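# An overview of the molecular structure
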Amino acid sequence: MTLKNLTNLSIVILTKNEDSQIEDCLKSCEFCDTILIVDSGSTDNTLTIAKKYTDNIIDKPFINFLDQRTFALEQASTEWVLFLDADERISEKLKDEIINFC
């Protein structure tokens, strides 16, 4: 399968101390050009792991979930944004759908 240019899609992941989950999540997102991590002060290895997959990492203290999501959405500069939790994965079927759509 040939990947289309996925520059109009950002995958956004909100994190705090997710080192046991984040790598599998990020592996499932590797097909996308833009991955944004908004971290709430992780003290484990979350950021070390995330830096292997993206340079787009922003530290933002957590106020509430709505504030965090709104901030993350404002940081995304693409037409489409997909929010994932660190324990979620993009399946091959969903990946194919995203690629065909974009």
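Everything here concerns the structure above.
Here's a quick rundown of the structure. (Residues numbered from 1 in each chain as written. Predicted model: local features only at pLDDT ≥ 70, side-chain atom pairs only at ≥ 80, totals over all residues. Heavy atoms only, no water.)

### Some words on the overall build of the protein chain
Across its full length, the protein chain holds four helices and four strands. The helix and strand sequence of the protein chain, counted from the amino end, reads β-α-β-α-β-α-β-α. Relative to the globule expectation of 13 Å for 102 residues, the C-alpha radius of gyration of the protein chain, 13 Å, shows essentially globular dimensions. Counting only C-alpha atoms and orienting by the principal axes, one finds that the protein chain spans roughly 40 × 25 × 20 Å. Burial analysis of the protein chain (102 residues in total) assigns 38% to the buried set. (Helix = DSSP H or I, 4+ residues; strand = E, 2+ residues; numbered from the N terminus. Rg over C-alpha atoms; globule rule 2.2 N^0.38 Å. Buried < 20%, exposed > 50% of the residue type's maximum accessible area, 1.4 Å probe, protein only.)

### What about the nonpolar core?
Core analysis: the biggest nonpolar cluster contains 19 residues, and Ile11, Ile13, Ile22, Leu26, Ile37, Leu84 and Ile90 have the highest contact counts within it. Looking at this core, the elements with two or more residues in it are strand 1 (9–15), helix 1 (22–27), strand 2 (34–39), helix 2 (46–50) and helix 4 (92–101). Other than its neighbours up to four places away in sequence, isoleucine 37 contacts Ile13, Thr15, Ile22, Leu26, Ala50, Thr54, Asn56, Ile57 and Ile58. (Core = buried A, V, L, I, M, F, W, Y, C linked by side-chain atoms within 4.5 Å. Contact = heavy atoms within 4.5 Å.)

### Considering the sheet that holds strand 1
Adjacent strands of a sheet form backbone hydrogen bonds with each other and so pair up, either parallel or antiparallel. Strand order in the open sheet formed by four strands is 3-2-1-4, and the pairing between neighbours is parallel. Unpaired on one side and paired on the other, strand 3 (57–59) and strand 4 (80–84) mark the two borders of the sheet. Between one strand axis and the next, the sheet turns by 20° as a mean value, whatever way the strands run. In terms of strand pairing, strand 1 meets strand 4 through five bridges, oriented parallel. Among the inter-strand pairings, isoleucine 11 is bridged to a residue of strand 4, identified as leucine 82. On the sheet, helix 3 (residues 65–75) packs against strand 1, strand 2, strand 3 and strand 4 and is oriented at approximately 145° with respect to strand 2. (Pairing = 2+ DSSP bridges. Axes fitted to C-alpha atoms, helices over the stretch in contact; angles between N-to-C directions.)

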